[in-house]
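# Structure at a glance
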Amino acid sequence: MLAIIGGTGFGDFAGLQEIEPKQVETEFGSVYLEEGQLGTSPILFLPRHGNPPRFPPHKINYRANIDALIAAGADKVIAVTAVGTVDDSLRVPELVIPDQLIDYTYGRVQTYFDDEIHHIDFTFPYDETLRQQLVEAAKKCQAGNAELVFRDRGVYGCTQGPRLETAAEIRRMRIDGCDIVGMTAMPEGTLARERELPYAGISVTVNAGAGINDMAVKLDEIQAAMDEGMSWVRDILASFVNSI
Ligand code: HPA
């Protein structure tokens, strides 16, 4: 079954029907998630910041979340994230289906393998099959909505937060090759890989990264971009589910 992990701006899933809330116990803690119908398909929805939202990015119990999804029957995951732009040619809002990431987080529990030596391959952090299915769904939605803009690849830079970045940090991330900046793709992606759970992401740019506009990040403008971008994400997910 497909699982969707929702983030800021996607803490509940309008369009999901026959919702059954569940509390799933794992060895790492208890996780709230929902089973529901999207179109004619059963899916799982997990709001990563909790319900009600209360876990900041560095306090999310990523290990419990991934294990809870598996216990509830997930066999693939799409992670929805709100991000800032790093590439200054990206618009706000614009969707990015990332193909790479750079991890700038620290102090987060990164692995299920704390007591044994176990290395995973992470050359391509996002599952390419899932990614291509998402790209196809995005193309279909774009054909019916000229406003919808998306990129079929991009490098997600994951920062520790919860503060936003300095202008110099965003400049450095651009030099590093990042296109977007968020706070939640890691260790979510790496834990999914450790559990061999195919994982892809879809990100909504909700603000220009720090310093891009020579002004402070305007927190009050984020909501409008979020609302529009997340409505595109909902359409793409509905189309995705229809096509698999
Ligand atoms: N930086 C980091 N994470 C974010 C941002 C940002 O500018 N916007 C939304 N999530």
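Residues numbered from 1 in each chain as written. Predicted model: local features only at pLDDT ≥ 70, side-chain atom pairs only at ≥ 80, totals over all residues. Heavy atoms only, no water.

## Examining the overall build of the protein
The secondary structure content of the protein amounts to five helices and eleven strands. Scaling as 2.2 N^0.38, a compact globule of 244 residues should have a C-alpha radius of gyration of about 18 Å, and the protein matches this with 17 Å. When the backbone C-alpha atoms are referred to their principal axes, the protein occupies close to 45 × 45 × 35 Å. Looking at the protein as a whole, 52% of its 244 residues are labelled buried. Here the contacts in the protein between residues at least 6 apart in sequence split such that 79% fall between residues at least 24 apart. Surface summary for the protein: the accessible area is close to 11,200 Å², and the carbon and sulfur share equals 49%. (Helix = DSSP H or I, 4+ residues; strand = E, 2+ residues; numbered from the N terminus. Rg over C-alpha atoms; globule rule 2.2 N^0.38 Å. Buried < 20%, exposed > 50% of the residue type's maximum accessible area, 1.4 Å probe, protein only. Contact = heavy atoms within 4.5 Å. Areas by Shrake-Rupley, 256 points an atom, 1.4 Å probe, with all protein chains shown as cover.)

## Concerning helix α2 (residues 128–144)
With 17 residues, α2 should reach 24 Å at 1.5 Å per residue; the first-to-last C-alpha distance of 25 Å fits that figure. Along α2, the residues that are buried comprise Leu130, Arg131, Leu134, Val135, Ala137, Ala138 and Cys141. Take α2 and look down its axis: the buried residues cluster within an arc of 165°, on one side only. With respect to the buried face of α2, the exposed residues turned more than 90 degrees away are Thr129, Lys140 and Ala143. For α2, the elements touching its buried residues are β5 (76–85), β8 (150–151), β11 (199–208) and α5 (219–243). At the N-terminal boundary of α2, the capping side chain belongs to Asp127, with an oxygen 3.3 Å from the backbone nitrogen of Thr129. (Expected span 1.5 Å × (residues − 1). Arc of directions from axis to C-beta. Polar contact = N/O pair within 3.5 Å; in protein donor to acceptor, adjacent residues only side chain to side chain.)

## Description of the pattern of salt bridges
Evaluated as defined, the whole model comprises twelve salt bridges. Between Glu94 and Arg151 there is a salt bridge, with its nearest N and O atoms 3.7 Å apart. Separated by 57 residues along the polypeptide, Glu94 in the loop between β5 and β6 (95–96) and Arg151 in strand β8 bring together distant segments of the chain. Exposure remark for Arg151: the relative accessible area of 25% places this residue in the partly exposed category. Taken together, the shared-partner salt bridges connect Asp87, Glu94 and Arg151 into one network. (Salt bridge = Lys/Arg side-chain N within 4 Å of Asp/Glu carboxyl O.)

## Comments concerning the site of the ligand
Looking at the ligand, the residues that line it are Ala82, Val83, Gly84, Leu164, Glu165, Val181, Gly182, Met183, Val206 and Asn207. One nitrogen or oxygen atom from the main chain of Gly84 is found 3.3 Å from a nitrogen atom belonging to the ligand. Within the residue set of the shell around the ligand, elements represented by two or more residues are β5, β10 (180–182) and β11. Per element, the largest residue contribution to the shell around the ligand is three residues, and it comes from β5. Residues belonging to the shell around the ligand are distributed by class as follows: six nonpolar, three polar and one charged. (Near = heavy atom within 4 Å. Nonpolar A, V, L, I, M, F, W, Y, C, P; charged D, E, K, R; others polar.)

## A few points about the packing of α2 against α5
Helix-helix packing is described using two parameters, namely the angle between the two axes and the distance between the axes. Remark: α2 packs on α5, axes separated minimally by 8 Å, with the N-to-C direction vectors making an angle of 115°. The element α2 and its partner α5 pack so that their crossing is right-handed. Every residue of α5 that contacts α2 at Leu130, Gln133, Leu134, Ala137, Ala138, Lys140 and Cys141 is listed here: Asp235, Ile236, Leu237, Ser239, Phe240 and Ser243. The residue makeup of the contact of α2 with α5, split by class, is eight nonpolar, three polar and two charged. (Axes fitted to C-alpha atoms, helices over the stretch in contact; angles between N-to-C directions. Left-handed = near helix turned anticlockwise from the far one by under 90°.)

## Some details on the side chain of Glu34
Within the element layout of this structure, Glu34 appears in strand β3 (residues 29–38). Buried and without a salt bridge, Glu34 has Arg54 as its closest oppositely charged side chain, separated by 11 Å. A polar contact of 2.6 Å, which involves the side chain of Glu34, links it to the side chain of Tyr32. (Lys, Arg positive; Asp, Glu negative; His and termini not counted.)

## Here's the deal with the packing of aromatic side chains
Under the definition given, this model contains five aromatic pairs. Ring geometry for Phe10 versus Phe13: centroids 5.1 Å apart, planes at 55°, classification tilted. For the pair shown, Phe10 and Phe13 are each scored as buried. A centroid spacing of 5.5 Å and a plane angle of 50° characterise the contact between Phe28 and Tyr112, whose relative ring orientation is tilted. In this pair, Phe28 sits in the loop between β2 (17–26) and β3 while Tyr112 sits in the loop between β7 (100–103) and α2, placing the two residues 84 residues apart along the sequence. Judged by its relative accessible area of 22%, Phe28 is partly exposed. (Phe/Tyr/Trp six-rings, centres within 6.5 Å; stacked < 30°, edge-to-face > 60°.)

Without other data, these values stay purely geometric and don't point to any function.
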